[in-house]
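Listed here are the chains, written in short residue letters.
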Protein chains: 2
Amino acid sequence: MKFRLILVGFGNVAQGFASLLVKKRDYLRTRHGFEYEIVAVADTIKGSIMAQTGLDLERLLSLAHERGSIKDYPGGVRDLSGIETIEQAHADVLVEATWTNLKDGEPGLTHIKKALERDLHVVTTNKGPIALAYHELVALARRRGRHLRFEGTVLSGTPAISLGTEALAGSSIKSIRGILNGTTNYVLDEMRTGRTYEQALRTAQELGYAEADPTNDVEAWDTAAKITILANVLMDGSIRLADVHRQGITEITPEDVSDAESKGRRIKLVAEARRNERQIRAQVIPERLDQCDLLSHVPGVLNAMILSTDVQPDVAIVGPGAGGDSAGYALLSDLLALNRILEGK
Amino acid sequence: MKFRLILVGFGNVAQGFASLLVKKRDYLRTRHGFEYEIVAVADTIKGSIMAQTGLDLERLLSLAHERGSIKDYPGGVRDLSGIETIEQAHADVLVEATWTNLKDGEPGLTHIKKALERDLHVVTTNKGPIALAYHELVALARRRGRHLRFEGTVLSGTPAISLGTEALAGSSIKSIRGILNGTTNYVLDEMRTGRTYEQALRTAQELGYAEADPTNDVEAWDTAAKITILANVLMDGSIRLADVHRQGITEITPEDVSDAESKGRRIKLVAEARRNERQIRAQVIPERLDQCDLLSHVPGVLNAMILSTDVQPDVAIVGPGAGGDSAGYALLSDLLALNRILEGK
């Protein structure tokens with residue numbers, strides 16, 4: 001079927017998604033019966049444009065790449081905010097890819113609510129709203145008979161959410177363990193060569209794996225948000241981000257790393273959610289893993305998640321956990337799932 | 001929705017599936033809106049019984065466990081063959097779990113064809129028909145507007161087929177590598193302790209990991225069938241089982257294993273399918289993997305599959321590759337997918 005899309009947020013992730021849409025246009029139509037029209041794009045920095053007759057995505061991409069702004073796109077209604085765009089554009093799906101805010105989820109949270117209230121489906125990579133307000137948003141989506149999908153919030157384009165909810169449907173998930181953050185995994189790997197935390201972090205920043213302010217990653221907020229999402233979505237939990245016992249990697253020394261290595265172990269930042277009687281407990285802490293643990297063999301910026309179910313002991317998935325292409329693909333995979341659902345195939 | 005099921009084949013896998021149905025009956029109804037009625041069971045050894053008003057699955061299971069036969073089940077129409085059952089029972093889905101025959105796919109192939117021709121959906125764990133006649137069966141299913149699902153043919157209950165076709169939909173899969181057979185992986189692991197191939201195989205047989213006649217596993221026929229399925233389903237291939245370059249593990253000596261280990265490598269039976277210009281080439285051969293290769297860290301009877309796509313370099317899944325519970329779960333996961341598709345949710 002044909003989807004009319006609004007893109008709110010037009011940074012790396014949304015541009016990665018848009019590039020895939022352009023590149024795969026014919027393939028998506030012939031292979032999956034999936035067609036699209038972009039009716040609006042809104043970004044607080046790059047500008048916003050709305051045209052009910054459809055926008056030229058290739059042109060928007062080249063404007064964004066070349067000028068860092070889509071303001072020179074000709075015609076259309078311009079300068080609407082994200083919320084105004086959602087209110088005014090006639091669309092089927094909101095693609096929400098604004099920045100992650102783990103304090104109050106904004107502006108993504110309001111975007112998603114507004115869209116669901118206006119009977120749009122929503123696909124998003126934005127961890128804030130899902131980590132902070134999953135149950136509220138799902139209830140709203142149900143009331144409106146709309147779908148909310150967020151594959152890219154955990155493990156990026158590597159299927160984690162759909163692995164638990166769809167591929168392993170009918171299983172009851174008892175516990176989840178994972179390496180859910182590529183930046184810290186890269187830094188810890190680098191430290192195995194004898195570098196200090198600061199040196200390793202600097203390399204990660206130079207390579208674009210870590211942000212200028214790395215707090216979210218190295219203090220494990222990002223990982224905590226992801227394990228919150230997994231616990232609530234895959235284990236029917238209702239834990240809050242603040243409930244996650246959290247310890248980052250900033251205190252780890254090269255001596256810690258080499259001491260672990262000398263004992264055949266490897267330090268990894270491990271997220272875990274486990275059912276303890278009726279409660280679910282979640283934590284993110286650096287652990288010394290032995291070589292039998294698959295997580296000890298997940299290198300660099302890769303991520304991994306291991307699900308323990310009532311039927312099968314451990315099912316693990318390993319793959320990219322970040323990057324515009326991978327996260328952009330997560331949005332596409334959500335849209336294709338929506339297409340399958342709505343077409344009943 | 002409610003599915004009327006025929007079970008053809010009532011061995012370990014079908015009994016594992018039936019146990020899950022019994023144990024999870026309430027959960028499947030309340031959580032997934034999935035209900036079932038068993039209208040017929042047919043097994044060449046255990047007997048067959050058909051009753052349009054529904055059979056008591058718990059009773060069938062205890063008869064099978066206690067007496068190795070369901071012939072004493074009271075009432076119903078009895079002694080029908082698999083084909084007669086499919087022709088006479090009024091059902092929605094055939095659950096085909098007879099033995100795998102890699103020569104001509106029978107009797108599973110005829111069961112599946114008959115069922116599709118009679119407008120039943122089919123879920124199966126039977127590798128024979130899918131490895132030998134995938135395209136023919138899919139074309140038949142399409143003509144009849146019915147679904148054919150076979151998650152359990154590769155990696156058992158660990159999602160491999162749906163990972164490629166659904167979770168990673170929209171990706172183009174460039175190559176597949178995997179450890180697809182638990183028996184040989186276990187034997188090779190045992191040989192790392194210095195045992196000979198024969199000793200390791202005997203242990204595997206004692207533990208029930210290898211059959212009395214292990215040819216299918218150790219000569220890599222089983223793995224070859226699985227990589228044929230993966231190449232054809234996930235890469236749009238049309239390779240034949242006979243096209244797979246195949247080498248088993250029977251010639252591997254403890255010296256080979258220890259020589260590899262001394263060089264930091266590990267011998268694994270690796271299946272691979274790769275697009276070579278327009279053709280797909282598939283092979284199964286013992287390889288010496290280095291430690292950077294995730295496959296080198298897949299122990300014992302676990303299985304693994306790595307997909308390389310145009311969007312993401314490597315996405316790997318690791319989990320159980322055999323066992324009645326796991327394979328039985330694969331059938332349940334196919335039915336739940338069917339339920340989602342038919343309910344449009």
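As shown above, the structure is provided for reference.
In this report, the structure presented in the accompanying data block is examined. For clarity, every value in this text was computed on a predicted model and none was experimentally measured.

1. Some details on the overall build of chain A
Of the regular secondary structure elements, chain A holds 13 helices and 13 strands. Taken over C-alpha atoms, the radius of gyration comes to 20 Å for chain A, in line with the 20 Å a tight globule of 345 residues would show. Along the longest, intermediate and shortest principal axes, the C-alpha atoms of chain A span 65 × 45 × 40 Å. Residues counted as buried form 56% of the 345 residues belonging to chain A. The contacts in chain A between residues at least 6 apart in sequence include a share of 72% that link residues at least 24 apart.

2. Brief notes about the interface of chain A and chain B
If you look at the interface, chain A gives 36 residues, while chain B gives 36 residues. Those elements that place two or more of their residues in the side of chain A that touches chain B are helix 2 (25–32), helix 7 (161–167), strand 13 (315–320) and helix 13 (324–343) of chain A. Along the lines of polarity and charge, the residues of the side of chain A that touches chain B split into 20 nonpolar, twelve polar and four charged. In this sheet, strand 13 (residues 315–320) of chain B lies alongside strand 13 of chain A in antiparallel orientation, the contact comprising three bridges. Paired with Val 318 of chain A across the strands is Ala 316 of chain B, a residue of strand 13 of chain B.

3. Here's the deal with the relation of the copies chain A and chain B
Rotating chain A by 180° and moving it 0.0 Å along the rotation axis overlays it on chain B with an RMSD of 0.0 Å. Classification of the inter-copy transformation places it as that of a two-fold axis. Both copies present the same face, since 100% of the interface residues in chain A are matched by interface residues at the equivalent positions in chain B.

4. A few points about the sheet that holds strand 12 (residues 302–309) of chain A
As summarised here, the arrangement of the twelve strands in space is 9(A)-11(A)-10(A)-8(A)-12(A)-13(A)-13(B)-12(B)-8(B)-10(B)-11(B)-9(B), forming an open sheet in which the pairing is mixed. At either margin of the open sheet sits one strand with a lone partner, and together these are strand 9 (245–246) of chain A together with strand 9 (245–246) of chain B. The strands touched by helix 12 (residues 254–262) of chain B are strand 10 (265–276) and strand 11 (279–290) of chain B; relative to strand 10 of chain B, the strand with the most contacts, the crossing angle is about 85°.

5. Describing the pairing of strand 13 of chain B
All names here are of chain B. Across the six residues of strand 13, six count as buried, placing the element largely inside the fold. Pairing between strand 12 (residues 302–309) and strand 13: six bridges, direction antiparallel. Residue pairing for strand 13: Leu 302 is matched across the bridge by Pro 320. Here strand 12 folds back onto strand 13 in antiparallel fashion, the turn holding five residues.

What counts, and where the lines are drawn
Residues numbered from 1 in each chain as written. Chains lettered and ligands numbered in written order. Predicted model: local features only at pLDDT ≥ 70, side-chain atom pairs only at ≥ 80, totals over all residues. Helix = DSSP H or I, 4+ residues; strand = E, 2+ residues; numbered from the N terminus. Rg over C-alpha atoms; globule rule 2.2 N^0.38 Å. Buried ≥ 20, exposed ≤ 12 C-beta atoms within 10 Å, placed from the backbone. Contact = placed C-beta atoms within 7 Å. Nonpolar A, V, L, I, M, F, W, Y, C, P; charged D, E, K, R; others polar. Pairing = 2+ DSSP bridges. Least-squares fit on C-alpha atoms with pLDDT ≥ 70 in both. Axes fitted to C-alpha atoms, helices over the stretch in contact; angles between N-to-C directions.

Without other data, these values stay purely geometric and don't point to any function.
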